[in-house]
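Chain by chain, the residues:
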Amino acid sequence: MFFANAFGIQMLQQASQQSPDINNYLCYILVHDEPPPDMDTTQYHLVRCSAAMLMKNNISLIPNSLSPQTLTYIKSELLAGLKDSNQGIRSFTGNVITELLRKGGIMAWSDVLAQLMTMVEGKDAGGNDTPLPMQEGAMSALKKVCQDSKKALERDTQQPLTFMIPKFLQFTHHPSAAVQADSLEIINIFLPLRSQAVLAHIDILVESLFRLGNNPYAPLRREVCRALVHLVDIRPDKIAPIMSSVVDYLVAQQNDPDADLALDAAEFWLTVGEHDQLRIHLGPFLPKIVPVLLKSMIYSEEEIFRLGGEGDDADEEDKEEDIKPTFAKSRQRLPNGESVEVVGTEKARNGDGELSDGEIDEYDSELEDLYGMEDPEDRWNLRKCSAAALDVLATVFHQPVLEVILPYLKENLRHPEWPYREAAVLALGAVADGCLDGVALHLPELVPYLISLLNDGEPLVRQITCWTLGRYSRWAATDPDPSNPDPQHLHKYFEPTMEGILLKMLDGNKRVQEAAASAFANLEEQSKGVLEPYIKVIIQQFVTAMRQYKDRNMFILYDCVQTLAEHVSEALAQDELVAILMPALIERWKKVKDDSRELFPLLECLSYVSTALGQKFQPFAAPIFHRCISIIHQNLEKQMAFNNNPQLDEPEKDFLVTSLDLLSALIQALDNQSSQLVATARPGFFQLLTHCMADTNNDVRQSSYALLGDCAIYVFPQLRPFLPNVMELLIQQLDIEHLSEVDEDNSFSVINNACWSCGEIALQQASGMLPYVERLYISLLNIIQSSKVPASVTENAAVALGRLGLGSCDELAPHLESFAYPFLDALAKVAETDEKDTALKGFCMVVGRNPEAMESCLIPFFRAIARYKEPSVELESLFRQTVAGYRSFIADFDGFLVNIPPADRTVIQTVYGQ
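Predicted model only: the values in this text are computed from it and were never measured.

### Digging into the overall build of the chain
On a plain count of helices and strands, the chain comes out with 47 helices and 2 strands. In the chain, which comprises 914 residues, the share counted as buried stands at 54%. Restricting to contacts in the chain with at least 6 residues of sequence separation, those with at least 24 account for 74%. Carbon and sulfur atoms make up 51% of the accessible area of the chain, which totals about 39,700 Å².

### Some thoughts on the confidence of the model for the chain
In this model, the chain carries an average pLDDT of 88, and 89% of its residues clear a pLDDT of 70 or more. Scored below 50 in pLDDT, residues 1-5 makes 6 contacts in the model with residues more than four places away or belonging to other chains. For the stretch residues 345-375, pLDDT sits under 50, and the model shows 76 contacts to residues farther than four places along the chain or on other chains.

### Overview of the pattern of salt bridges
Scanning all chains against the criterion turns up 41 salt bridges. A salt bridge links Arg383 to Glu422; its shortest N-O distance comes to 2.5 Å. Separated by 39 residues along the polypeptide, Arg383 in helix α19 (residues 382-397) and Glu422 in helix α21 (residues 418-430) bring together distant segments of the chain. Assigned by exposure class, Arg383 and Glu422 land together as buried. In this structure, Arg627 engages Asp594 in a salt bridge whose closest nitrogen and oxygen atoms are separated by 2.7 Å. Residue Arg627 is located in helix α32 (residues 618-644), and its partner Asp594 is located in the loop between α30 (575-591) and α31 (599-613); the two are separated by 33 residues in the primary sequence. Using a relative accessible area of 15% as the deciding quantity, one classes Arg627 as buried. Several salt bridges share partner residues, and in doing so they unite Arg222, Glu223, Arg226 and Asp264 into one network.

### Quick notes on the packing of aromatic side chains
Taken as a whole, this structure holds 24 aromatic pairs when the rule is applied. Ring centres of Phe823 and Phe843 lie 4.6 Å apart, and the angle between their planes is 20°; this geometry places the pair in the stacked category. Within this pair, whereas Phe823 is found in helix α42 (residues 816-827), its partner Phe843 is found in helix α43 (residues 834-849), the two being separated by 20 residues in sequence. Phe843 gets classed as buried once you look at its relative accessible area, which sits at 1%. What links up through ring pairs into an aromatic cluster is the set Tyr777, Phe819, Phe823, Phe843, Phe861, Phe862, Tyr886, Phe889, Phe893 and Phe896. Sitting over the ring of Tyr449, Arg414 keeps its end group 3.9 Å from the ring centre.

### Some remarks on unusual backbone geometry
For the peptide bond that leads from Arg682 to Pro683, omega is 0°, which places it in the cis range. Along the polypeptide, Pro683 turns up in the loop between α34 (675-680) and α35 (685-693). For Lys528, which is not a glycine, the phi torsion comes out positive at approximately 45°. Structurally, the position occupied by Lys528 is in the loop between α27 (510-527) and α28 (535-548).

### A closer look at α30
Taking 1.5 Å of rise per residue, the 17 residues of α30 would be expected to cover 24 Å, and the 24 Å separating its terminal C-alpha atoms lies within 8% of that figure. By the burial criterion, the buried members of α30 are Leu577, Val578, Leu581, Met582, Ala584, Leu585, Ile586, Arg588 and Trp589. Against the buried residues of α30 lie α28, α29 (551-568), α31 and α32.

### Some thoughts on the packing of helix α17 (residues 286-296) against α19
Relative orientation of the contacting elements α17 and α19 amounts to 145°, with a least axis distance of 8 Å. Our pair here, α17 against α19, has a crossing hand that is left-handed. Along the contact surface, α17 presents Leu286, Ile289, Val290, Leu293, Leu294 and Ser296, while α19 presents Leu382, Arg383, Ser386, Ala389, Leu390, Leu393 and Phe397. Residues of the contact of α17 with α19, tallied by class, amount to 10 nonpolar, 2 polar and 1 charged.

### Observations regarding helix α16 (residues 259-273)
The terminal C-alpha atoms of α16 lie 21 Å apart, and with 15 residues this matches the ideal 21 Å at 1.5 Å per residue to within 8%. Between a side-chain oxygen at the N-terminus of α16 and the backbone nitrogen of Asp260 the separation is 3.0 Å; the capping residue is Asp258.

### Examining the packing of helix α15 (residues 243-254) against α16
Angle between the axes and distance between the axes: these two values describe a pair of packed helices. At their nearest, the axes of α15 and α16 sit 7 Å apart, and the two run at 140° to each other. One finds that α15 runs oblique with respect to α16. Where α15 crosses over α16, the two elements pack in a sense that is left-handed. Across the interface between the two elements, Met243, Val246, Val247, Leu250, Val251, Gln253 and Gln254 of α15 pack against Leu261, Ala262, Ala265, Ala266, Phe268, Trp269 and Val272 of α16. Along the lines of polarity and charge, the residues of the contact of α15 with α16 split into 12 nonpolar, 2 polar and no charged.

### A word on the environment of Leu827
Relative to the elements of secondary structure, Leu827 occurs in helix α42. Aside from chain neighbours lying at most four places away, what touches Leu827 is Ala798, Val799, Lys836, Ala839 and Leu840.

### Side note on the side chain of His415
Looking at the element boundaries, His415 is found in the loop between α20 (399-412) and α21. Of the polar contacts made by the side chain of His415, one reaches the backbone nitrogen of Glu417; its length is 3.0 Å. With near-sequence residues (within four places) excluded, His415 lies in contact with Tyr420 and Arg421.

### Remarks on the environment of Asn553
Here Asn553 is to be found in helix α29. Sequence separation between Asn553 and Ala314 is 239 residues; the distance between their C-alpha atoms is 10.0 Å. Setting aside residues up to four positions removed in sequence, Asn553 forms contacts with Asp318, Lys510, Gln513 and Glu514. Engagement of the side chain of Asn553 in a polar contact is seen with the backbone oxygen of Lys510, the distance being 3.1 Å.

Calculation criteria
Residues numbered from 1 in each chain as written. Predicted model: local features only at pLDDT ≥ 70, side-chain atom pairs only at ≥ 80, totals over all residues. Heavy atoms only, no water. Helix = DSSP H or I, 4+ residues; strand = E, 2+ residues; numbered from the N terminus. Buried < 20%, exposed > 50% of the residue type's maximum accessible area, 1.4 Å probe, protein only. Contact = heavy atoms within 4.5 Å. Areas by Shrake-Rupley, 256 points an atom, 1.4 Å probe, with all protein chains shown as cover. pLDDT = per-residue confidence, 0-100. Salt bridge = Lys/Arg side-chain N within 4 Å of Asp/Glu carboxyl O. Phe/Tyr/Trp six-rings, centres within 6.5 Å; stacked < 30°, edge-to-face > 60°. Lys NZ or Arg CZ within 6 Å of the ring centre and 35° of its normal. Expected span 1.5 Å × (residues − 1). Axes fitted to C-alpha atoms, helices over the stretch in contact; angles between N-to-C directions. Left-handed = near helix turned anticlockwise from the far one by under 90°. Nonpolar A, V, L, I, M, F, W, Y, C, P; charged D, E, K, R; others polar. Polar contact = N/O pair within 3.5 Å; in protein donor to acceptor, adjacent residues only side chain to side chain. Parallel < 35°, antiparallel > 145°, perpendicular 65-115°, else oblique.

Here is the structure:
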């Protein structure tokens, strides 16, 4: 039977590829439930499902494959599938309808929405009564269409939602609870979009929520909870007056045994807790809310069955599917030359810069590491949401939250059953930020007890204890009473905490290892310089872990190493420490293959280590540098091959990003000594770099321009011959006039680094920038004048523009009146750094060539001079010359100074008035 059925499905697949009319046949099979004589009902059902899937795929993959005749036939027949007695067939029919509208647009079948609504109301196109299953099938199809075409419906010039939304609100009175739930789910699709069609009926919606709230059908109550969560952000004025009733309702729903319903209810506390106006209204209800959060943080019986009692598994190899996908992080340069990490922009978006229609915007769980580690599904769940909500409420209300949880903690921290013990430790960690002042009184007793729990027989208890100790590591690393310091504080609390977590990094259970490594990275961030006396012990443990860990936990171990390098910096550059750490890293570096995703965190880790070690990294630099060159070259070649033959696999850009970033770190660490590495690179270093600067991927270009700026600082003689090509690409990148709305947010990080590298090149090239000055001026001025550009980009653009004046003051002088004010405004927020100092030097030189142009903004300029606390000798001299020039230029100079605030005027008169 199976083989016959499989053969039938295979024939359908072949026919769908060969016959232009196959979609008619597939549609016929889908909507007709009578099996052929040689096939039983079960077999035929599978064939019908396969026909639906093939039809949907044909529509999806071959958009124009349907002839007008086929389309007409499908439209006339397809809706009949919604009255099938089998819910699966009704669902598949809805999928095909949705795909037709997604590919062809709503207007491709303009009357289908009205037909579906009529069916929900109980009538078909001929006026005949429709059975309840068909009404539910039509409603389900409407839901799928709205999920998949929400933006199209919202933007449609004929405004179909103005007709549809009132209908959906009417359907909340339908006798079927499933139809009611689907109707409210559709409202919840458009509510977060602030659709005017929904907002116009907001009072009816609120009334519907009260009416439907106690329906026994759990999926309907889920939608009520979701609507209440949406209203928090969209119409908080509708929630505030009824907060008491809403709290009682959501507490009841969170206590429901349906975990999905309870999760939707718990989302409300998290959302309100983060709402500036509404959160204060939760204060009186904390004694009701906090206990249900604490209860929800206990592992469920199902989770205990799946997770509890795990033994030692540290020697078992990881399965490939257990290793989380890892993406590269790009670095964005700040106006002071420092860099900050940003998650790869290409990974954070979906083609059009938003979630595609039909996708649900889930939490991007930054709280994954914070709350409850991982559950079997590795997804956001009730336990994590409740812990996050408790964290937020503690941050808002502080002591009142602690007063509610203290009795719970006293009762459960030493509970004989591990799930209660574990949940209490989680709760203690969740309030670490918000309730630290109150908890600190108990920490001298709690911290030793938590350290003892690191040896608990249940791995999940050891795991969460690592996390909680990490959350309190700042207290352990800092004397809580500076006015009455305890010389033994570090010895009593920090050292045992650090030692305990370090030991758990070699626990026999992989989950505990991971939690301990994550907690130690947190400890490193919280304690910073306090770690310096212990670096050797820490590194020795890292190296031992590096040799024992399986692939999955290596990723978090790299984070531990790089976090240590970041926070102890040059303290790591001791010969003894280098001799311990670097051989282990190099051993791993040699083991990891060029196409392994483990390269991403490893390269990032090496970037931080090379920066911390500086010149001490030189003995290890050459092979790493040249391997990065090789990886970049291979990736670019694979991209060219893919461009010529799209059937090949497209290479992953993350290999480019991490290699470029490590090259940046190496060039910075080795200073001028990196010039030899650049010179010997094969293929040529700057040929590869210019290819990367022209890449279509934002993350690649962002890292490329960061590397370009570093090259301008450290190896400019080698860069100079390639400036003609480099500057053409850079000028193109600075053009913000042709950014699409979809792409502009992601492009600004690239433009930011391009501005920064432009400033570094201008500083080195000076008068050699003449061929590019005019075009650079236009682009940089557009950036600093634009209101849509982020502040860091504007600041970097202002620095670059000012530095252009160092070698091209005569060329910029005619434009001074146009750019002086936006330049000074952008630079005002930049800290006093070499970048700002040199930018103002260039600006002063331009002012010296055209002092009359400053008439309209001379006061802001003098204020900028007065407020610059520590100018370099050269800049102070230029400030003095500038003030002296205007003193001789303005007839009543003292009268002019009256317009400047008194404190600034005093500085001008006393410091620069001579």
